[in-house]
Amino acid sequence: MSSVAEAVEKLRELVAREPIKSLAEAFESAGFELALVGGPVRDAFLGREVHDLDFTTSARPDDIERLVRPLAKAVWDVGRDFGTIAAQIGSETFEITTYRSDSYDGSSRKPDVAFGDSLEADLERRDFTMNAMALTLPGLQLVDPFGGLEDLLALSLTTPVAPEVSFDDDPLRMMRAARFSSQLSARIAPATAEAMTAMASRIADISAERVRDELVKILSSANPRPGLEALVDSGIAEFVLPELPALRLETDEHAHHKDVYQHTLTVVEQAIDEEQRRTPGADPDVVLRIASLLHDIGKPATRRFEGGGVTFYHHDVVGAKLAKKRLKALRFDNDTIDAVSRLIELHLRFFGYADQAWSDSAVRRYVRDAGSELARLHILVRADVTTRNRRKADRLSFAYDDLEARIAELSEQEELDKMRPDLDGEAIMQILGISPGREVGEAYRFLLEMRLDEGELGAEEATRRLKSWWASR
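Residues numbered from 1 in each chain as written. Predicted model: local features only at pLDDT ≥ 70, side-chain atom pairs only at ≥ 80, totals over all residues. Heavy atoms only, no water.

**Student:** Let's hear about the overall build of the protein: which residues, and what values?
**Tutor:** A count of helices and strands for the protein gives 24 helices and 13 strands. Along the longest, intermediate and shortest principal axes, the C-alpha atoms of the protein span 90 × 55 × 45 Å. The buried share of the protein, reckoned over its 473 residues, is 51%. When contacts within the protein are restricted to residue pairs at least 6 apart in sequence, long-range pairs at least 24 apart make up 65% of them. Entry remark: accessible area of the protein is about 22,000 Å², with carbon and sulfur atoms responsible for 48%. (Helix = DSSP H or I, 4+ residues; strand = E, 2+ residues; numbered from the N terminus. Buried < 20%, exposed > 50% of the residue type's maximum accessible area, 1.4 Å probe, protein only. Contact = heavy atoms within 4.5 Å. Areas by Shrake-Rupley, 256 points an atom, 1.4 Å probe, with all protein chains shown as cover.)

**Student:** Which residues make up the pairing of strand E3 (residues 74-79), and what are the values?
**Tutor:** Sheet analysis places E3 next to strand E4 (residues 84-89), joined by 5 bridges and oriented antiparallel. Residue pairing across strands places Asp77 opposite Ile85, the latter belonging to E4. In this structure, the hairpin formed by E3 and E4 is closed by a connection of 4 residues, where Gly83 is found at a positive phi of approximately 90°. (Pairing = 2+ DSSP bridges.)

**Student:** Describe the environment of Asp384, and please don't skip the residues or the numbers.
**Tutor:** Among the structural elements, Asp384 can be located in the loop between helix H20 (374-383) and helix H21 (390-414). Remark: the alpha-carbon pair of Asp384 and Leu348, spanning 36 residues in sequence, is separated by 9.1 Å. Among the polar contacts made by the side chain of Asp384, one reaches the side chain of His263 at a distance of 2.9 Å. (Polar contact = N/O pair within 3.5 Å; in protein donor to acceptor, adjacent residues only side chain to side chain.)

**Student:** Which residues make up the environment of Leu71, and what are the values?
**Tutor:** By secondary structure assignment, the location of Leu71 is in the loop between helix H4 (61-68) and E3. Assessed through its relative accessible area of 33%, Leu71 is described here as partly exposed. Residues in contact with Leu71, not counting those within four places in the same chain, are Ser22, Leu23, Ala26 and Ile89.

**Student:** Run through the packing of helix H22 (residues 425-432) against helix H23 (residues 438-454), naming residues and quoting values.
**Tutor:** Where H22 meets H23, the axes come as close as 10 Å, and the angle between the chain directions of the two elements is 110°. Comparing the axis directions of H22 and H23 gives the class roughly perpendicular. Relative to H23, H22 is oriented so that their crossing is right-handed. Facing H22, whose interface residues are Gly425, Ile428, Met429 and Leu432, H23 presents Val440, Ala443, Tyr444 and Leu447. Split by residue class, the contact of H22 with H23 holds 7 nonpolar, 1 polar and no charged. (Axes fitted to C-alpha atoms, helices over the stretch in contact; angles between N-to-C directions. Parallel < 35°, antiparallel > 145°, perpendicular 65-115°, else oblique. Left-handed = near helix turned anticlockwise from the far one by under 90°. Nonpolar A, V, L, I, M, F, W, Y, C, P; charged D, E, K, R; others polar.)

**Student:** Report on unusual backbone geometry, specifying residues and quantitative values.
**Tutor:** Cis geometry is adopted by the peptide bond preceding Pro19, which originates at Glu18 and carries an omega value of 5°. By the secondary structure assignment, Pro19 is in the loop between helix H1 (4-16) and helix H2 (20-29). In the segment running from Leu137 into Pro138, the intervening peptide bond is cis, with an omega of 0°. Tracing the chain through its elements places Pro138 in the loop between strand E6 (134-137) and strand E7 (142-143). Backbone geometry at Leu155 places phi at a positive 50°, although glycine is not the residue there. Position of Leu155 relative to the elements: it lies in the loop between helix H6 (148-153) and strand E8 (156-157). Phi is positive for His314, close to 65°, though the residue is something other than glycine. Turning to its location among the elements, His314 is positioned in the loop between strand E13 (309-311) and helix H16 (315-329). Among the residues examined, His314 registers a relative accessible area of 59% and is labelled exposed.

**Student:** Give me the lowdown on H16, citing residues and values where you can.
**Tutor:** Here H16 contains 15 residues, and its C-alpha end-to-end distance of 21 Å stays within 8% of the 21 Å for a straight helix at 1.5 Å per residue. Buried within H16 are the following residues: His315, Asp316, Gly319, Ala320, Ala323, Arg326 and Leu327. All buried residues of H16 fall inside an arc of 135° around its axis, so they share one side. Exposed positions of H16 whose direction lies more than 90 degrees from the buried face are Lys321 and Lys325. Residues of H16 that are buried in the fold lie against helix H12 (237-240), helix H14 (286-294), helix H15 (299-302) and helix H17 (334-346). The first or second residue beyond H16 is Arg331, which carries a positive phi of 65°. (Expected span 1.5 Å × (residues − 1). Arc of directions from axis to C-beta.)

**Student:** Which residues make up the sheet that holds E6, and what are the values?
**Tutor:** Strand order across the open sheet formed by 7 strands is E3-E4-E5-E2-E1-E6-E7, with mixed pairing between neighbours. Of all the strands in the sheet, the pair left with one neighbour each is E3 and E7. In the sheet, strand E1 (residues 34-37) pairs with E6 via 4 bridges, with the strands oriented antiparallel. By the bridge assignment, Ala35 is partnered in E6 with Thr136.

**Student:** Go over H2 with me, naming the residues and quoting the values.
**Tutor:** Residues Ile20, Leu23, Ala24 and Phe27 constitute the buried set of H2. Down the axis of H2, the buried side of the element spans an arc of 95°, and every buried residue falls inside it. Within two residues after H2, Gly31 carries a phi angle of roughly 85°, on the positive side.

**Student:** Before we move on, can you summarise the pattern of salt bridges with the specific residues and values?
**Tutor:** For the structure on display, the rule yields 46 salt bridges. A salt bridge links Glu243 to Arg326; the shortest N-O distance between them is 3.1 Å. Of this pair, Glu243 sits in the loop between H12 and strand E10 (251-252) while Arg326 sits in helix H16, and the two are 83 residues apart along the sequence. Judged on exposure class, the residue Glu243 and its partner Arg326 are both buried. A single salt-bridge network, built from bridges that share partners, covers Glu274, Arg277, Arg278, Arg382, Asp401 and Glu404. (Salt bridge = Lys/Arg side-chain N within 4 Å of Asp/Glu carboxyl O.)

**Student:** Give a description of the layout of surface pockets that names residues and reports values.
**Tutor:** Considered as a void within the structure, the largest pocket measures approximately 1,500 Å³ in volume. As for the largest pocket, its lining consists of 43 residues, of which Asp54, Arg126, Arg176, Arg179 and Lys217 are closest to the centre. Breaking the lining of the largest pocket down by element, the ones donating at least two residues are helix H3 (39-46), strand E2 (54-57), E3, strand E5 (92-98), helix H8 (172-183) and helix H10 (208-220). Looking at the lining of the largest pocket, the element that brings in the most residues is H8, giving 6 residues. In terms of residue class, the lining of the largest pocket is built from 11 nonpolar, 10 polar and 22 charged. In this structure, the second largest pocket occupies an estimated 310 Å³ of space. Of all the secondary structure elements, the ones that give two or more residues to the lining of the second largest pocket are helix H13 (260-278), H20 and H21. (1 Å grid on protein atoms, 1.4 Å probe; cavity = no way out; pocket = protein on both sides within 12 Å on 5 of 7 lines; lining within 4 Å. Points joined across faces, edges and corners; volume = space filled by probe spheres on them.)

What follows is the structure in structure tokens.
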């Protein structure tokens with residue numbers, strides 16, 4: 001956290017440079033107000049790097065475009081109907097938005113857009129007081145009508161108006177509260193939390209795409225746990241990701257001291273730690289984090305009480321299907337859906353290896369089935385060990401070290417990640433004298449299974465085996 005004086009000086013230096021200086025002068029000369037607003041102002045006080053400069057103005061969209069065009073290399077509509085014009089000036093891109101006053105009517109998933117006439121009214125419609133601060137240009141006056149700086153210093157998430165009014169205007173703000181609790185380590189103020197709980201069902205008014213984007217932002221933070229807990233505790237998760245709160249009453253067979261919900265949050269944390277250890281500095285792996293969050297959602301549907309204990313047979317297969325259904329509902333892309341469901345379906349397979357080392361063919365199948373998700377599967381499987389029994393945890397860790405070493409050894413020997421049968425489809429049809437169809441696929445699978453079991457045989461031996469298999473049919 002920067003001191004107030006340091007933050008103000010940082011902001012002054014930022015807006016005094018070109019092209020911001022020329023931009024501010026153009027709006028002032030035309031008689032319009034212009035202010036740096038929201039995240040950049042907040043981040044300066046937090047001592048964070050300031051990126052993605054956002055401006056708000058009294059000018060209407062047509063006037064914004066007219067004023068920035070002489071300064072810009074390119075100008076385009078980000079959303080003229082919403083008052084936003086973007087421009088590339090020099091090497092930088094800016095978004096400038098007309099003062100707004102939006103609201104939802106309760107029957108539509110899109111806000112009713114209304115342009116406003118004052119900076120204070122524009123700030124009043126923003127989500128939280130820490131985001132409702134602005135720096136006027138070129139006057140360089142900090143405008144903070146709702147005590148945002150005080151709340152920021154306290155890391156308290158408070159709304160500029162009554163939270164019920166704010167969330168009624170845009171229910172997605174409830175998920176933003178959860179996101180900021182993760183991104184900024186901020187505390188959701190009691191009144192804000194109470195309104196989130198009371199109005200949780202209003203999140204259904206928001207489009208699946210916007211809900212998805214907020215969920216991804218929570219999972220992309222360095223510490224998703226507070227945000228996920230806020231969604232569950234408020235009841236919002238019941239409407240956007242009901243599989244998560246459903247885990248609270250279950251018991252995990254790998255860690256009897258925790259319910260599956262707490263186990264899941266720990267797995268997410270451990271997956272992030274392992275992800276950062278293996279790929280330091282890389283962007284957050286959203287696919288891995290979603291798979292970690294959803295890896296056990298098949299347990300409630302598969303819970304059985306047997307012999308005084310609890311079992312969750314086939315929860316991996318059931319969970320993969322449930323994850324695919326949920327991610328489709330949230331409008332995730334097909335590649336993400338396929339990758340997450342594959343990781344969930346495979347996340348338990350390793351535990352058989354820990355009990356008895358696999359044959360080479362079993363290792364090859366593990367790699368084949370994981371495909372391009374093998375690196376993520378390594379992380380997910382390791383993260384799934386949350387037992388407090390140090391001896392058991394060490395045994396599983398050593399076993400997976402051994403499995404990874406064997407995969408690396410076999411890969412080096414056989415280029416395992418590029419594994420194919422010794423004969424392709426064209427060769428199969430030529431050798432057997434058949435045309436494209438089901439029988440070619442059956443022959444291909446026979447050769448692949450043989451390749452997995454025995455390794456590379458060569459074209460001559462594969463041809464002999466293929467003819468023998470064909471004759472036996």
